[in-house]
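The primary structure of each chain is shown beneath.
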Amino acid sequence: MRRRWAAARGAAARPEVRWSRRIADARAARDAAARRRVRRTVTWREGMRCEVDGRELLNFCSNDYLGLSQHPQVIAALRDGSVEGVGSTASALVCGHHALHATLEREVADWLQAPAALLFGSGFTANLAVLQALLQSGDTCVQDRLNHASLIDAAKLSGATLRRYPHNDAEAAARQLATHEGDGLALIATDGVFSMDGDVAPLRELAALAHANDALLYVDDAHGVGVLGPDGRGSVAGAGLSTRDVPLQLATLGKALGTYGALVVGDADLVGHLAETARGHVYSTALPPALAAASIAAVRIARAADDRRAHLAALVAQFRGGASNHGLDVLPSTTPIQAVMAFDDRIALRMAQVLEDAGFWVSAIRPPTVPEGRARLRVTLTAAHTESEVDTLVDALARARDAAVASGARPA
Ligand SMILES: *Cc1c(COP(=O)(O)O)cnc(C)c1O
């Protein structure tokens, strides 16, 4: 009996062998395409200077656009907010909702001039939760092709039909929307600022389209809030739109605000529905109250940070001027995200290495984060950088491009 068991099990490859083969094959494919990914460990940081693997580098790839992650008032708020304890101890609907969370929601809603806001553990979770709570089978979700991965995954989870239109093409979005039939509802989702290209969505056109088709427009403004628009209210306010045009938008706290977490902001009825039904809210432990305290401090600073935004905008203009003088291929963008195109994965990696050898940290972004043949160096500028630092970066980028091309890291 026991021998028969062993023979039967041996007939098919043992599961652990099949799993390890699948993983090894995938890794070999990434190796062959120069697509291995490694985490680098930061051992120290001060402003945009940091130590990575024992070497000091000037960071040009963080999303800390306003330099708030190390602001003394934000750090003090985190410390003071933790005296009652660290964890929130439960989800918001059980007993995890603290007055600090409520204050943060109120202050972000007030800042973005929206009736209501709901706090989530992260932007990724929020996007999954929002589309899952609003959409169902028979609905249509129309999305920009370059939307963040979390929006794409969210639509798949929701059971709605996902239709993707060419990047920033509002007319194509209109055609996608026209394919929608039956009794289902339609939702248009777009990044406000595209995370890898840095350009801004045609929000006015999309809002008009949504209005004309009774569709709901959801804008993920992870990279716009704090940076763009009056008082840093983001790309929606920057386009002159309000909650009436964009009933829901996502503001994340881990980028320009320098802390962690995210809020869905907008129409009170929709936000109220999410508070009771969004799975990522209902079934996940509320953020530590101290983090909410730090975020409240960051929001207050960000609202009034026109000086930081002006300095940042000047650095963006300076970077673009310098890059153009050097003949660097930079995608059109007026935001702190500046994509220096390498196209080929190996050229991107080689450029990043040459930059690192020169003391700059800029990450090479390759597929599947960007489409095939669109590898790049994603430079992010922040208010904590100086003009002379940006000048030295531009010179180093031009040298890195020349070195990468000369080294024979040519397009495959
Ligand atoms: C970073 C990002 C997210 C995810 O936000 P997290 O708070 O980091 O989980 C969502 N959407 C966009 C466009 C992003 O860039």
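In every chain, residue numbers begin from 1 and rise along the written sequence. For this predicted model, a pLDDT threshold of at least 70 governs which residues receive local features, and a threshold of 80 or more governs which side-chain atom pairs are given and counted, while totals over whole chains, interfaces and linings are taken from all residues. Side-chain measures were taken over the full set of non-hydrogen atoms in the model, leaving aside hydrogen atoms and water.

## Some remarks on the environment of Ala404
Condition: Under the scheme used here, helices are H or I runs from DSSP no shorter than 4 residues and strands are E runs no shorter than 2 residues, and both carry numbers assigned from the N terminus. Exposure categories follow from relative accessible area, calculated using a 1.4 Å probe and restricted to protein chains: below 20% of the type maximum is buried, above 50% is exposed, and the middle band is partly exposed.
Position of Ala404 among the secondary structure elements: in helix H16 (residues 387-406). Classification of Ala404 by relative accessible area gives buried; the value is 0%. Considering only alpha carbons, one finds Ala404 and Phe194, 210 residues apart in sequence, at a separation of 27 Å.

## Section: the site of the ligand
Stated precisely, the cut-off is as follows: The cutoff for a nearby residue is simple: one of its non-hydrogen atoms must lie within 4 Å of the molecule or strand. Pairs of N or O atoms are called polar contacts if they sit within 3.5 Å, as long as, within protein, a hydrogen donor faces a hydrogen acceptor (for residues adjacent in sequence, only side-chain-to-side-chain pairs). Throughout this entry, Asp, Glu, Lys and Arg are counted as charged residues, while Ala, Val, Leu, Ile, Met, Phe, Trp, Tyr, Cys and Pro are counted as nonpolar. The remaining residues, Gly among them, count as polar.
Not every one of the 13 residues close to the ligand is listed here, only the nearest: Gly123, Phe124, Asp220, His223 and Lys255. A distance of 2.7 Å separates an oxygen atom of the ligand from a polar atom in the backbone of Gly123. In this structure, an oxygen atom belonging to the ligand sits 2.9 Å away from a main-chain N or O atom of Phe124. A total of three residues in the shell around the ligand trace back to one element, the largest contributor, which is helix H6 (residues 123-134). Across the shell around the ligand, the residue classes break down as two nonpolar, eight polar and three charged.

## A few points about unusual backbone geometry
The peptide bond linking Pro367 to Pro368 adopts the cis configuration, its omega dihedral lying at 5 degrees. Checked against the element boundaries, Pro368 lands in the loop between strand S13 (363-365) and strand S14 (375-380). The phi angle at Asp53 is positive, at roughly 50 degrees, despite the residue not being glycine. Positionally, Asp53 belongs in the loop between strand S2 (49-52) and strand S3 (55-59). Its relative accessible area of 52% is what places Asp53 among the exposed residues. Within the chain, Thr89 stands out as a residue other than glycine whose phi angle is a positive 75 degrees. Tracing the chain through its elements places Thr89 in the loop between helix H3 (72-81) and helix H4 (92-96).

## Things to note about helix H8 (residues 170-178)
This is how the line gets drawn: Comment: arc refers to directions from the helix axis out to C-beta atoms. Contacts were defined at the residue level, with two residues in contact if any of their heavy atoms lie within 4.5 Å.
By the burial criterion, the buried members of H8 are Ala170, Ala172, Ala173, Gln176 and Leu177. Down the axis of H8, the buried side of the element spans an arc of 155 degrees, and every buried residue falls inside it. Opposite the buried face of H8, at more than 90 degrees from it, the exposed residues are Glu171, Arg175 and Ala178. Of the surrounding elements, those touching the buried residues of H8 are strand S5 (140-144), strand S6 (161-165), strand S7 (186-191) and helix H9 (203-213). Measuring from the side-chain oxygen of the N-cap residue of H8 to the backbone nitrogen of Glu171 gives 3.2 Å; that N-cap residue is Asp169.

## A word on the pairing of S2
What counts here: Strands are treated as partners if at least two bridges between them are detected by DSSP.
Alternating positions in S2 separate cleanly, Cys50 and Val52 being buried on one face and Arg49 and Glu51 remaining unburied on the opposite face. By the bridge criterion, four bridges tie strand S1 (residues 42-46) to S2 in an arrangement that is antiparallel. Note on S2: the bridge partner recorded for Glu46 is Arg49. A loop of two residues connects S1 with S2, the two strands running antiparallel in sequence, and Gly47 in this loop sits at a positive phi of about 60 degrees.

## Section: the nonpolar core
Across soluble globular proteins, you tend to see nonpolar side chains buried next to one another. The test is simple: Among buried residues, those of type Ala, Val, Leu, Ile, Met, Phe, Trp, Tyr and Cys that are joined through side-chain atoms within 4.5 Å constitute a nonpolar core.
Counting residues in each nonpolar core, the largest one holds 66 residues, and the members touching the most others are Phe60, Phe319, Val340, Leu377, Val379 and Leu397. The leading source of residues in this core is helix H13 (residues 289-303), at nine residues. Discounting residues that sit within four places of it in the chain, Phe60 has contacts with Phe360, Trp361, Val362, Arg378, Val379, Thr380, Leu381, His385, Glu389, Val390 and Leu393. Residues Ala116, Leu118, Ala126 and Leu274 belong to the second largest nonpolar core, which totals 27 residues.

## Some thoughts on the packing of aromatic side chains
Two aromatic rings are characterised by how far apart their centres lie and by the angle between their planes. Short version of the rule: Whether two aromatic rings pair depends on their centres lying within 6.5 Å, for rings of Phe, Tyr and Trp, where Trp uses its six-membered ring; planes under 30 degrees apart make the pair stacked, over 60 edge-to-face, and the rest tilted.
Applying the stated rule across the entire model yields one aromatic pair. Both rings, one in Phe60 and one in Phe360, keep their centres 6.2 Å apart while their planes meet at 40 degrees; by these two values the pair is tilted. Of this pair, Phe60 sits in the loop between S3 and H3 while Phe360 is found in strand S12 (residues 360-361), placing the two residues 300 residues apart along the sequence. Like Phe60, the residue Phe360 is buried in the burial classification.

## What about empty space enclosed by the protein?
Where we set the bar: The distinction between a cavity and a pocket rests on a 1 Å grid over the protein atoms alone: a 1.4 Å probe fits inside a cavity but cannot get out, while a pocket stays open yet meets protein on both sides within 12 Å along at least five of seven lines, and a residue with an atom within 4 Å of a point counts as lining. Grid points are joined across faces, edges and corners, and a volume is the space filled by probe spheres set on the points.
Evaluation of the coordinates by the stated rule reveals one cavity of 30 Å³ or more. Volume-wise, the largest cavity comes out at about 130 Å³. What lines the largest cavity is a set of 13 residues, among which Leu119, Phe120, His281, Ala286 and Leu287 lie closest to the centre. Taken together, the elements giving at least two residues each to the lining of the largest cavity come down to helix H5 (99-111), strand S4 (116-120) and helix H12 (279-282). Grouping the amino acids of the lining of the largest cavity by side-chain chemistry returns five nonpolar, seven polar and one charged.

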